[in-house]
Amino acid sequence: MARETQRWTLADLIDFEQGVVKFGGATGAATGDVRMAVAEAVRGLQGAAARRVGLRVWLNDVRSRAGGDDASAGRKFANALALVAGGLGLLMWLAGLSCVLGLLDRERGGLNVTLCLAVLLGGQWLVILAAAFGWLLRRRLGDGGSGLQALLGRLVRRLVGSRDEGWWRELMVGGGAARAALLWRLARLVQGAGVCFNLGIICGLAGLVLVKHVGFFWETTTTDAMRTGLQNAVHLLALPWSAWWPEAVPNAAVIDASRWLPGRAAGLAPGPSEWWTFLLMAVLGWGLLPRAILWLLAWRLGGLALTKLEFQGRAQRALWRELTGIERAEADEKPLDGVLVLDVGGSGLTREMLRPFLLRRLRVHPAAWQAVAVLDSGAEAQAAQALALAPAGVVLLAEGWALSPARMTALHGQIRRLTDPATPVKFLVVNVDVAGHPVPPTAEEQREWVRYVDALRDPAAEVFRFEHLPPDEC
C-alpha cells in the first residue's frame, strides 16, 4: 500500500495543489478518520517518503468528497494536454511536409541539397542549441520555462476552461520537483512536436521521390569553397551509416556532377539516388533521432521528478502538520537511540530537564549534548564525531525569542554538510523562566519559527514546541 501511494502522476500533483489552495493547510482540512488513516499509512516511514504517502491518502479523501474525476483539475489538464499534443503534432507534421514542398524548385524540377540541409536540419539544431544555451545560463527557469512552454501551458489551461489558476501559480512559484515535473511534461510535448515535424519531412522527401521525377543539385558563385564545404558536411553527417551503407553517401564524383552551372538547360534528370537516400538518412539520424531521444529524456526526467516530490511549500508543510500533529504526539514507537542535541545560544537547560519531553514527544534518546552558537572548525569536527554516534539525527534547542535567521541558516548548512540529506533535524523551541526551568514559547514565537523552518525547504527538518507533559507521561 505504501509503495502504491508513493507513486504520483502529474494529474495527482495538480489535484493536490488545487486542494492545498482550497484548504490552505488550515484547521479542518482533514477529518479525524483521515488523520488516523495517514498515521497508519506512514508508520515506519520518514521524511519525504512519509509525506508522499500521507498526503496521497489525504488527496484520495479530498477527491472522493469532491466527486472524483468529474471535478479533477488534473484529469482535465491531462485531457487538454493530450488534445494540444495531438493538434500540435498534426500541425508540425504538415509544417515538415510543407517545408519540403516549399524547397522544391519547380522550374528545375529538383531540390537544392544545400538549402535542404540548412533549412531542414540547420534550423532545428539552431533552435536546440539556443534552448540548451539558455537553459545552461539560467539556474532557474522563468514562469513556464521557455517561451514555448509558457505558451503551451497557457493554451492547455485555456482549453480546460477554468479561470482558477491557483494550482499553476503554486507549482511555478514553489519550485523543486513539482515544478520540474510540470515543465518536463511540457518539454515532452514540445519534443513530440519536433518528432512529428521530422516525420513530415521524411514523408515529404519520400513522397517526392516516389511520385515525381526529382533531381538534386547545388550551386555557387565560388570556385571551390562551396564544393569543399559540402563534401565535408556530407562526410560528417554520413558518419553514423557510411560504413554499413556507402550507397547512401554521395562521393566527390556525385557531388561534382550535381553542381548546377550557368547556362545549363532547364530541367534535371531524376536522382542520383545517393542524394535522396542521404537526405532521408540525414533527417532520420540528425533530426528525428535527436528529437526522439530528447522526448525520452523529458519523459524520464519528468517521471524522476514525480518520485522526488518533497512537498516543502509553506502551505504543504502546514497541511502536513495538521494531518500528523496528534498522531506524532501519541506515537507508540520505541524512541530512537542516539540524537545530538545542540543548545543554540546556550539556554542553560540540562539533559535531565528535557529528557522526558525528548523521549515522549520527539521519540529520541539524547546521546550527546553541546552548547553552540555557530560551529567553528573545532566544534564542527566534534559535531561530526558526535553525529557519527547519533543515528537519530540532530535536535537544535533554541529559545523562542532568539530566532536569528542568518545564524540558524549557517548552522543548518553546516549540519547538512556533515549529515545525509535524510538525517532528521528537529528544531525544539523552548523558553526559560526566571528559575531556569523550560516553559512553552508563545504562539507568535512558534509561528515565526515555523515560517523560518518552512522557508528552509528541508524535507527532514521539523519544528517542535516544548510543552509540559501530563502527569501520567512524566
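These numbers come from a predicted model, not from an experiment. (Residues numbered from 1 in each chain as written. Predicted model: local features only at pLDDT ≥ 70, side-chain atom pairs only at ≥ 80, totals over all residues. Heavy atoms only, no water.)

### A word on the overall build of the protein chain
From N to C terminus, the protein chain includes 17 helices and ten strands. Burial analysis of the protein chain (474 residues in total) assigns 45% to the buried set. Nonlocal contacts in the protein chain, meaning residues at least 24 apart in sequence, comprise 82% of its contacts between residues at least 6 apart. (Helix = DSSP H or I, 4+ residues; strand = E, 2+ residues; numbered from the N terminus. Buried < 20%, exposed > 50% of the residue type's maximum accessible area, 1.4 Å probe, protein only. Contact = heavy atoms within 4.5 Å.)

### What to know about the pattern of salt bridges
Opposite charge on two side chains lets them pair, provided their charged atoms get close. Per the counting criterion, the structure on display carries 13 salt bridges. Salt-bridge contacts for Arg-317 lead to Asp-454; the nearest nitrogen and oxygen are separated by 2.4 Å. Placement of the pair is Arg-317 in helix 13 (residues 314–329) and Asp-454 in helix 17 (residues 443–456), with a sequence separation of 137 residues. Classification of Arg-317 as buried rests on a relative accessible area of 3%. Exposure remark for Asp-454: the relative accessible area of 2% places this residue in the buried category. With a closest N to O distance of 2.6 Å, Arg-451 and Glu-448 form a salt bridge. Residue Arg-451 and its partner Glu-448 are both found in helix 17; the two are separated by three residues, about one turn of the helix. Taken together, the shared-partner salt bridges in this structure form one network comprising Asp-12, Asp-15, Arg-56 and Arg-63. (Salt bridge = Lys/Arg side-chain N within 4 Å of Asp/Glu carboxyl O.)

### Section: unusual backbone geometry
At Arg-457, a position not held by glycine, the phi torsion is positive, near 55°. Structurally, Arg-457 is set in the loop between helix 17 and strand 10 (461–465).

### Observations regarding the packing of aromatic side chains
For any pair of aromatic rings, the description rests on two quantities: the centre-to-centre distance and the angle between the ring planes. Inspection of every chain in the model, using the stated rule, returns twelve aromatic pairs. Above the ring of Trp-8, the side-chain terminus of Arg-56 is found at 5.9 Å from the ring centroid. Sitting above the plane of the Trp-260 ring, Arg-108 keeps its charged end 4.5 Å from the centroid. (Phe/Tyr/Trp six-rings, centres within 6.5 Å; stacked < 30°, edge-to-face > 60°. Lys NZ or Arg CZ within 6 Å of the ring centre and 35° of its normal.)

### Looking at the nonpolar core
Formed by 41 residues in total, the largest nonpolar core has its most connected members in Leu-13, Phe-16, Leu-55, Trp-58, Phe-77 and Leu-309. Elements represented by at least two residues in this core include exactly helix 2 (10–23), helix 3 (32–41), helix 4 (47–66), helix 5 (73–103), helix 8 (166–174), helix 9 (176–211), helix 12 (273–307) and helix 13. Dropping the residues within four chain positions of it, Leu-309 is found in contact with Trp-8, Leu-13, Ala-48, Arg-52, Ala-177 and Ala-178. (Core = buried A, V, L, I, M, F, W, Y, C linked by side-chain atoms within 4.5 Å.)

### A word on the side chain of Thr-277
Relative to the assigned elements, Thr-277 resides in helix 12. Residue contacts for Thr-277: discarding those within four places in its chain leaves Trp-245, Glu-247 and Ala-248.

### Section: the environment of Asn-112
Here Asn-112 shows up in strand 2 (residues 110–112). A C-alpha to C-alpha distance of 7.9 Å links Asn-112 and Glu-219, two positions 107 residues apart in sequence. Apart from the residues within four sequence positions on either side, Asn-112 is in contact with Phe-217, Trp-218 and Glu-219.

### Some thoughts on the side chain of Thr-114
With respect to the secondary-structure elements, Thr-114 resides in helix 6 (residues 113–137). For Thr-114, the contacting residues outside a window of four places in its chain are Trp-218, Met-226 and Leu-230.

### Section: the packing of helix 5 against helix 9
At a minimum axis distance of 7 Å, the contact between helix 5 and helix 9 shows a crossing angle of 30°. With respect to each other, helix 5 and helix 9 are oriented roughly parallel. The handedness of the crossing between helix 5 and helix 9 is right-handed. A breakdown of the residues in the contact of helix 5 with helix 9 according to their chemical character gives 23 nonpolar, four polar and one charged. (Axes fitted to C-alpha atoms, helices over the stretch in contact; angles between N-to-C directions. Parallel < 35°, antiparallel > 145°, perpendicular 65-115°, else oblique. Left-handed = near helix turned anticlockwise from the far one by under 90°. Nonpolar A, V, L, I, M, F, W, Y, C, P; charged D, E, K, R; others polar.)

### Digging into the packing of helix 9 against helix 12
At their nearest, the axes of helix 9 and helix 12 sit 8 Å apart, and the two run at 165° to each other. Classified by the angle between their axes, helix 9 and helix 12 sit roughly antiparallel to one another. Our pair here, helix 9 against helix 12, has a crossing hand that is left-handed. Grouping the amino acids of the contact of helix 9 with helix 12 by side-chain chemistry returns 26 nonpolar, six polar and two charged.

### Side note on the sheet that holds strand 1 (residues 104–105)
With mixed pairing, three strands are arranged side by side in an open sheet as 1-2-3. Looking along the sheet, the strands with just one partner apiece sit at the ends: strand 1 and strand 3 (215–217). As paired elements, strand 1 and strand 2 share two bridges and run antiparallel to each other. Counterpart to Asp-105 in the pairing with strand 2 is Gly-110. (Pairing = 2+ DSSP bridges.)

### Overview of the pairing of strand 6 (residues 394–398)
Burial of strand 6 is extensive: five of the five residues sit out of reach of the surface. On strand 6, burial covers both faces: Val-394, Leu-396 and Ala-398 on one face and Val-395 and Leu-397 on the other are all buried. Pairing between strand 6 and strand 7 (residues 425–429): five bridges, direction parallel. In the strand pairing of strand 7, Val-394 is matched with Val-425. Each parallel crossover has a hand, and for strand 6 linked through helix 16 (residues 405–418) to strand 7 it is right-handed. (Right-handed = clockwise from strand over helix to strand, strands pointing away.)

### Regarding the environment of Trp-245
Its location among the elements puts Trp-245 in the loop between helix 10 (225–237) and helix 11 (252–257). A residue is classified by how much of its surface remains accessible, and Trp-245, at 30% relative accessible area, is partly exposed. For the pair Trp-245 and Phe-278, spaced 33 residues apart in sequence, the C-alpha to C-alpha distance is 9.9 Å. Beyond its immediate sequence surroundings of up to four residues, Trp-245 is in contact with Thr-277 and Met-281.

### Quick notes on the confidence of the model for the protein chain
Reading predicted coordinates in detail is not appropriate for stretches of low pLDDT. Per-residue confidence for the protein chain gives a mean pLDDT of 81; residues scoring 70 or more make up 82%. Across the protein chain, the element-wise mean pLDDT spans from 49 in helix 1 (residues 2–5) up to 93 in helix 12. Confidence drops under pLDDT 50 across residues 139–144; counting only partners more than four residues distant or on other chains, this segment forms 14 contacts. In this model, residues 326–333 is a region of pLDDT below 50 whose contacts with residues beyond four sequence positions or in other chains number 14 contacts. (pLDDT = per-residue confidence, 0-100.)

### Let's talk about the environment of Arg-108
Examined against the element boundaries, Arg-108 turns out to sit in the loop between strand 1 and strand 2. With relative accessibility at 18%, the residue Arg-108 sits in the buried group. A distance of 3.1 Å separates the side chain of Arg-108 from the side chain of Glu-219, its partner in a polar contact. (Polar contact = N/O pair within 3.5 Å; in protein donor to acceptor, adjacent residues only side chain to side chain.)

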